[in-house]
There are 2 protein chains.
Amino acid sequence: MAKKLTGPILLVEGGAQDADLRYASGFTAPDPVVLLVDGRKRYLVVSLLEYGRAQRTANVTEVYTPQQLGLEGRARGRLSDWATALLKKQRRRSVVVPASFPFGIAERLRKAGIRVRVAEESLFPARRRKSKEEVRQITRTQRAAVAAMKAAGRVIQQASVDRRGYLTRRDGSRLRSEDVRYVIERTLLEHDCVALETIVAGGAQGADPHERGHGPLRAGQPIVIDIFPRHKDSGYWGDITRTMVKGTPKPEVTRMIRAVRAAQKTALTVIRAGVTVKRVHETAQRVLREHGFETTVKNGWGEGFIHSTGHGIGLDIHEAPSLNLTSTRLLAGDVVTVEPGLYYKKWGGVRFEDTVVVTRTGCRILARCAV
Amino acid sequence: MAKKLTGPILLVEGGAQDADLRYASGFTAPDPVVLLVDGRKRYLVVSLLEYGRAQRTANVTEVYTPQQLGLEGRARGRLSDWATALLKKQRRRSVVVPASFPFGIAERLRKAGIRVRVAEESLFPARRRKSKEEVRQITRTQRAAVAAMKAAGRVIQQASVDRRGYLTRRDGSRLRSEDVRYVIERTLLEHDCVALETIVAGGAQGADPHERGHGPLRAGQPIVIDIFPRHKDSGYWGDITRTMVKGTPKPEVTRMIRAVRAAQKTALTVIRAGVTVKRVHETAQRVLREHGFETTVKNGWGEGFIHSTGHGIGLDIHEAPSLNLTSTRLLAGDVVTVEPGLYYKKWGGVRFEDTVVVTRTGCRILARCAV
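Residues numbered from 1 in each chain as written. Chains lettered and ligands numbered in written order. Predicted model: local features only at pLDDT ≥ 70, side-chain atom pairs only at ≥ 80, totals over all residues. Heavy atoms only, no water.

1. Quick look at the relation of the copies chain B and chain A
With an RMSD of 0.0 Å, chain B superimposes on chain A once it is rotated by 180 degrees and translated 0.0 Å along the axis. The two molecules are tied by a two-fold rotation axis, judged by turn and shift. In terms of proximity to the rotation axis, the leading residue of chain B is Phe103 of chain B, whose C-alpha is 2.1 Å off the axis. A high fraction, 100%, of the interface residues of chain B reappear at the interface in chain A, so the copies pair face to face through one surface. (Least-squares fit on C-alpha atoms with pLDDT ≥ 70 in both. Contact = heavy atoms within 4.5 Å.)

2. Thoughts on the sheet that holds strand 11 (residues 223-227) of chain A
Two orientations exist for strands paired in a sheet by backbone hydrogen bonds: parallel and antiparallel. Residues and elements named next belong to chain A. An order of 10-11-13 is seen for the 3 strands of this open sheet, with the pairing classed as antiparallel. Edge strands, defined here as strands with exactly one partner in the open sheet, are strand 10 (199-202) and strand 13 (240-244). Strand-to-strand twist of the sheet, defined as the mean angle between neighbouring strand axes without regard to direction, takes the value 10 degrees. Relative to strand 11, strand 10 is paired through 4 bridges, and the arrangement is antiparallel. (Pairing = 2+ DSSP bridges. Helix = DSSP H or I, 4+ residues; strand = E, 2+ residues; numbered from the N terminus. Axes fitted to C-alpha atoms, helices over the stretch in contact; angles between N-to-C directions.)

3. Things to note about the interface of chain B and chain A
Contacts between chain B and chain A engage 48 residues on the former and 48 residues on the latter. Looking only at chain B, the three residues that lose the most surface to chain A are Leu49, Phe103 and His210 of chain B, adding up to 19% of its buried area. Joining chain B to chain A, the criterion identifies 12 salt bridges. Ionic pairing is found between Arg212 of chain B and Asp233 of chain A, a salt bridge with its closest N-O pair at 3.6 Å. Counting across the interface, chain B meets chain A through 18 residue pairs in polar contact (both at pLDDT 80 or more). Each residue belonging to the side of chain B that touches chain A can be placed in one class, and the counts come to 21 nonpolar, 11 polar and 16 charged. (Buried area = accessible area lost by both parts, 1.4 Å probe. Salt bridge = Lys/Arg side-chain N within 4 Å of Asp/Glu carboxyl O. Polar contact = N/O pair within 3.5 Å; in protein donor to acceptor, adjacent residues only side chain to side chain. Nonpolar A, V, L, I, M, F, W, Y, C, P; charged D, E, K, R; others polar.)

4. Brief notes about the pairing of strand 5 (residues 94-97) of chain A
All names here are of chain A. Inspection of the sheet shows strand 5 paired to strand 6 (residues 115-118) by 4 bridges, in the parallel sense. Considered in strand 6, the bridge of Val96 is made with Arg117. Following the chain from strand 5 across helix 4 (residues 103-111) to the adjacent parallel strand 6, one finds a crossover that is right-handed. (Right-handed = clockwise from strand over helix to strand, strands pointing away.)

5. Brief notes about the pairing of strand 18 (residues 335-338) of chain A
Residue and element names in this part refer to chain A. On strand 18, burial covers both faces: Val335 and Thr337 on one face and Val336 and Val338 on the other are all buried. Of the strand pairs in this sheet, strand 18 and strand 21 (residues 354-358) are connected by 4 bridges, and their pairing is antiparallel. Within strand 21, the position partnered with Val335 by the bridge is Val357. (Buried < 20%, exposed > 50% of the residue type's maximum accessible area, 1.4 Å probe, protein only.)

6. Observations regarding the sheet that holds strand 11 (residues 223-227) of chain B
All names here are of chain B. Pairing in this open sheet of 3 strands is antiparallel, and the strands run 10-11-13 from one edge to the other. Pairing within the sheet leaves two strands with one partner each, and these edge strands are strand 10 (199-202) and strand 13 (240-244). Direction aside, the axes of adjacent strands within the sheet are offset by 10 degrees on average. Contacting strand 11 and strand 13, helix 5 (residues 132-158) crosses the sheet at an angle of about 15 degrees to strand 13.

7. Considerations on the nonpolar core
If you look at the biggest cluster of nonpolar residues, it comprises 52 residues, and the most contacted ones within it are Leu10, Val34 and Phe101 of chain A together with Leu10, Val34 and Phe101 of chain B. Dropping the residues within four chain positions of it, Leu10 of chain A is found in contact with Val34, Leu35, Leu36, Ala83, Val95, Val96, Val97, Pro98, Phe101 and Leu109 of chain A. (Core = buried A, V, L, I, M, F, W, Y, C linked by side-chain atoms within 4.5 Å.)

8. Here's the deal with the domain arrangement of chain A
Residues and elements named next belong to chain A. Domain boundaries in chain A define domain 1 (9-127) and domain 2 (132-365). For domain 1 versus domain 2, the distance between C-alpha centres works out to 37 Å. Taken together, the contact pairs 6 residues of domain 1 with 8 residues of domain 2. Of the roughly 590 Å² buried at the junction of domain 1 and domain 2 (both faces included), carbon and sulfur atoms supply 34%. Between the two partners, domain 1 and domain 2, sit 2 salt bridges. A salt bridge links Arg127 to Glu319; the shortest N-O distance between them is 2.7 Å. Counting across the interface, domain 1 meets domain 2 through 4 residue pairs in polar contact (both at pLDDT 80 or more). Its residues assigned to classes, the side of domain 1 that touches domain 2 shows 3 nonpolar, 1 polar and 2 charged. (Domains from an automatic or database assignment.)

Take a look at the structure:
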């Protein structure tokens, strides 16, 4: 167990993606920012362009521009100088930074005589347990994901099957992964959400869990649909997966679907505050094995149940806790996905995923999806 | 001028956003990857989940999984261990990394006896000059942006104005920034592009160049529409801005529009290979001044022309060269935005932006937009 470092926390961000920064300041911008979290006080440095908006929306003690910190010339555009000037103003000479902190800035701070230590653990462990408001925000995104999944289900349901086994639309054209993805993403947009990597992978494509899917879809084959949008205002993610089959699947695929459904259902019954994540993951593994599905790795290619059972979700799509083989214990307020899956090159992929909040006595699915 | 470091370049990425990594490997993934660029050889480490896709799509000498590098247990999930094992295999003990390299990983590499030096300059300066194929990709995204701008123009054109001066739709409801943004983003989606921060900012909101805009739009006020999508397949960005007014603007707003249009036009005539970026920026500044518009900063709030004239664009939305006050010279193949603007709290914002490729004799607008 690494010793928890204490001291002022310094965050820098160049691209509006940093969840810690958003969590600690309530601010997000397309431009670089520097944030110093010093006990209960929070100091933000933003460019002149962002100053007005930062003053209105950031939840911090004080907002500065490089100009206000007395910086001139090139220093005005250099985040290391923003940080150094801010630390000087606050009379701090030592900071704790996340492991992802830019190395170039850390080196410059050290040259300026500032002690920079990397936190081995989460800087904001409180992020893991979601407040009621956060659960509400994740649920809002998750509902958008459910609406998009239903829209995808309708498109597949309404398709016909031509003589060669391809799904076809009313106009006679073949229904492709790309068409289903468009319907999903348009639906998400109507709900103020955006998804960059939506998966609609049919047949053998689904055997690669990160293949987005492309080309015409066929009847009888499993189609893995994984939708993980982010709400454009709140920044909170949602995550849902279903596996659909048009027409009659091969018996092996039916068995895979039954096994994964059972693994998900059983894993969900195990989840409650105090249980180890290992127990949840091992439960899913056991059910899949009991259904006759083995996991193997050959020449770097895995088949079977080749990932963890789920992950925490919030301002990051993947955050603590991971439902893996560690002995981390679940806490009330954890929001996690539960997503066992099976992947075989011959048959394709099958995955079912819902997002739940952990409670003292069990867990609650944030947005139900009958599809 | 910093000395250019030579040696194997190490990149790590946790979120599919890194443009250098994509440029050097042709690969992008939602999961972490490690890339070593050693002269002409490129070695990629990806998780088991990504292995199949990386083998099919990455443009590298060799793809490894942590398993193939002999890593066990927790080391299999730790990027610093991936990098250390890869460097050991390639018999390298010294690497050059970008300034954005994660500090936590740099510290671990150093503890493992590896020399880690930060590059002060771009690791892939060749990224700046776009190949024909790259210009084609940026143009494709830019055309999507133009289509979206035209769709936004139609919505505003078709709106009526109610007695209180609000833009209204056929159903009698008020037209809001959010409605126009939805039309823009749906159009982008139809072109396989996505935009996360589209700006539709009316009236005083437009005076803050990064305010996305919200609420009902009014006649007579400038509406700044800035669309910067990324193509979902190629990863290349586009960028365009127009300022629209429904009905008759105040004379001051008409003067601002005339001045910014003139500044953009004149700046475009100055651009060609060999010219300094400073000359382009100073030209835009001069034209705006000649039209009677001064730039001031008071209490951290800037008014007038408060940003640079443009920026390079490619796999990053902002990349070299910036059209600022430095003496960098433009090169044939630079792709840059040209986007002078004026911002006054009393009147709002006016900005016009096109994206051009620099040639030996001038520049060419990638996708024309008559709106």
